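# Remarks on the overall topology
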Amino acid sequence: DVKVTQSSRYLVKRTGEKVFLECVQDMDHENMFWYRQDPGLGLRLIYFSYDVKMKEKGDIPEGYSVSREKKERFSLILESASTNQTSMYLCASSRSDSPLHFGNGTRLTVT
Amino acid sequence: AQKVTQAQTEISVVEKEDVTLDCVYETRDTTYYLFWYKQPPSGELVFLIRRNSFDEQNEISGRYSWNFQKSTSSFNFTITASQVVDSAVYFCALSEWGTSYDKVIFGPGTSLSVIP
């Protein structure tokens, strides 16, 4: 079974803090994704990566950056957290031409 | 631009009733995939089905069935004889076909509550 693990289930940070959200997958998938989920908006793609050290902007990249130094790990970075980044963050991975496999999500609150 | 619309925000049904979740999509691509995912209260999205744009055959899997109609750009999902365990948020999604990665566009989701 594919396992996508997000390091934290709940996170509370202060405005202006630098925040790291970590995601690890154990199935050697090429592609990894970060989405945020907000009520009424569904899932919106922040960034994705189709190879180590490669990254592509999704639909809402502003205020975020990512890092993929190893194939199994994809980190989402909030350089200076703001209250409008309070959300559920979902990591996913996939092999080419296969469905996404999701982690359990990280609920981030920025106060 | 690609877009997925799920007009039903919340639905409540009594156990054993049938329920249909609507999904309408927009795309200029001639080849694409359509998906349904389920998000139970635990939070993890679970893949249910993927259809490609060339395959309009309806699909049935146990109590679940899917109706894909290209003419109306719809991909509706029906749960027969609903159960409490079906309570979840359901997402319809769309992606291009033929890229090396799956950039998936999700709809806003429909929250289904099945009341015992």
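Residues numbered from 1 in each chain as written. Chains lettered and ligands numbered in written order. Predicted model: local features only at pLDDT ≥ 70, side-chain atom pairs only at ≥ 80, totals over all residues. Heavy atoms only, no water.

### Description of the pattern of salt bridges
All names here are of chain A. To be explicit about the condition: Put simply, a salt bridge is a Lys or Arg side-chain nitrogen that is within 4 Å of an Asp or Glu carboxyl oxygen. Only DSSP runs of H or I reaching four residues or more are called helices, and only runs of E reaching two or more are called strands; each is numbered from the N terminus.
Enumeration over the complete set of coordinates arrives at nine salt bridges over all chains. Linking E79 and K18 is a salt bridge whose minimum nitrogen-to-oxygen distance equals 3.6 Å. A residue pair is termed long-range when its members are at least 10 positions apart, and E79 in the loop between β9 (73-78) and β10 (87-94) and K18 in the loop between β2 (10-13) and β3 (19-21) qualify at 61 residues. The residue D38 makes a salt bridge to R44 at a minimum N-O spacing of 2.8 Å. Linked through salt bridges whose partners overlap, the residues forming this network are R36, D38 and R44.

### Some thoughts on the packing of aromatic side chains
We count it as follows: In summary, the pairing rule links any two rings of Phe, Tyr or Trp, Trp by its six-membered ring, whose centres are within 6.5 Å, and it sorts them by plane angle into stacked for under 30 degrees, edge-to-face for over 60 and tilted for everything else. Three labels apply to residues, based on accessible area from a 1.4 Å probe with only protein chains included: buried if under 20% of the type maximum, exposed if over 50%, partly exposed otherwise in between. The criterion for a charge sitting over a ring is simple: Lys NZ or Arg CZ within 6 Å of the ring centre, and within 35 degrees of the ring normal.
Enumeration over the complete set of coordinates arrives at 20 aromatic pairs over all chains. Consider the rings of Y64(B) and F77(B), whose centres lie 5.1 Å apart with planes at 90 degrees: the pair is edge-to-face. One end of the pair, Y64(B), is in strand β8 (residues 64-69); the other, F77(B), is in strand β9 (residues 74-79), with 13 residues separating them in the sequence. As far as burial versus exposure is concerned, Y64(B) and F77(B) are alike and both buried. In this structure an aromatic cluster arises from ring pairing among F33(A), Y35(A), F48(A), F102(A), Y33(B), F35(B), Y37(B), F47(B), F91(B) and F106(B). Looking at R50(B), its charged tip hangs above the ring of Y33(B), at a distance of 4.1 Å from the centre.

### Considerations on the nonpolar core
As a rule of thumb, soluble globular proteins bury nonpolar side chains together. Selection criterion: Here, the term nonpolar core denotes a set of buried Ala, Val, Leu, Ile, Met, Phe, Trp, Tyr and Cys residues that are joined through side-chain atoms within 4.5 Å.
The biggest cluster of nonpolar side chains holds 23 residues, and the ones touching the most others in it are W36(B), F75(B), F77(B), Y90(B) and L112(B). Only β2 (10-14), β3 (19-21), β5 (32-39), β8, β9, β10 (88-96) and β12 (110-115) of chain B provide two or more residues apiece to this core. Among the elements that make up this core, the one with the highest residue count is β10(B) (four residues). In terms of nonpolar packing, the next biggest core, distinct from the first, is built from 20 residues, L11(A), W34(A), I46(A) and F74(A) among them.

### Focus: the side chain of Q37(A)
Put simply, the rule reads: Contact between two residues is taken to exist if any of their heavy atoms lie within 4.5 Å; hydrogens are not considered.
In this fold, Q37(A) is placed in strand β5 (residues 31-38). If sequence neighbours within four positions are ignored, Q37(A) has contacts with G42(A), L43(A), S87(A), M88(A), L90(A), Q39(B) and F91(B).

### Concerning the environment of N76(B)
All names here are of chain B. Here is the rule we go by: Pairs of N or O atoms are called polar contacts if they sit within 3.5 Å, as long as, within protein, a hydrogen donor faces a hydrogen acceptor (for residues adjacent in sequence, only side-chain-to-side-chain pairs).
Examined against the element boundaries, N76 turns out to sit in strand β9. Distance in space between the C-alpha atoms of N76 and N58 is 9.9 Å, their sequence separation being 18 residues. With residues near it in sequence (within four places) discarded, N76 still touches T20, L21, D22, C23, W36, S65, W66 and N67. A polar side-chain atom of N76 sits 2.9 Å from the main-chain amide nitrogen of C23.

### Details of the interface of chain B and chain A
Where the parts come together, the accessible area they lose is often given as the size of the interface. The condition is simple: Buried area is a sum: the accessible area each of two parts loses on coming together, probed at 1.4 Å, counted once for each and added.
Contacts between the two partners involve 21 residues from chain B and, on the opposite side, 24 residues from chain A. The junction of chain B with chain A conceals about 1,800 Å² of combined surface from both sides, 52% of it contributed by carbon and sulfur atoms. One can count zero salt bridges joining chain B with chain A. Counting across the chain B and chain A interface gives four residue pairs in polar contact (both at pLDDT 80 or more). Of all elements in the fold, only β5, β6 (46-52) and β11 (104-106) of chain B reach the threshold of two or more residues within the side of chain B that touches chain A. At four residues, β5(B) tops the list of elements feeding residues into the side of chain B that touches chain A.

### Observations regarding the confidence of the model for chain B
Put simply, the test is: Residue-level confidence of the predictor, termed pLDDT, takes values from 0 up to 100.
On average, residues of chain B score 91 in pLDDT, and 95% of them reach the 70 mark or higher. When the elements of chain B are averaged for pLDDT, strand β7 (residues 59-61) of chain B gives the smallest value, 87, and β3(B) the largest, 98.

### Examining the pairing of β8(B)
Residue and element names in this part refer to chain B. This is how the line gets drawn: Only strands that DSSP links by at least two bridges are regarded as paired with each other.
Side-chain alternation along β8 places Y64, W66 and F68 on a buried face and S65, N67 and Q69 on a face that remains uncovered. Here β7 hands over to β8 after two residues, with G62 in that stretch at a positive phi of 65 degrees. As paired elements, β8 and β9 share six bridges and run antiparallel to each other. Bridge pairing in β9 links S65 to T78. In this antiparallel pair of consecutive strands, β8 and β9, the connection spans four residues, and S73 shows a positive phi of 50 degrees.

### Some words on the pairing of β5(A)
All names here are of chain A. Counting buried residues along β5, eight of its eight residues qualify, which places the element largely inside the surrounding structure. By the alternation rule, side chains of β5 split into N31, F33, Y35 and Q37 and M32, W34, R36 and D38, which are all buried. Relative to β10, β5 runs antiparallel, the two sharing seven bridges. Note that in β10 the partner of Q37 across the bridge is M88. Direction of pairing for β5 relative to strand β6 (residues 42-49): antiparallel, over a ladder of seven bridges. Residue pairing in the sheet places Q37 in a bridge with L43 of β6. Between β5 and the antiparallel strand that follows it, β6, lie three residues; G40 among them carries a positive phi value of about 80 degrees.

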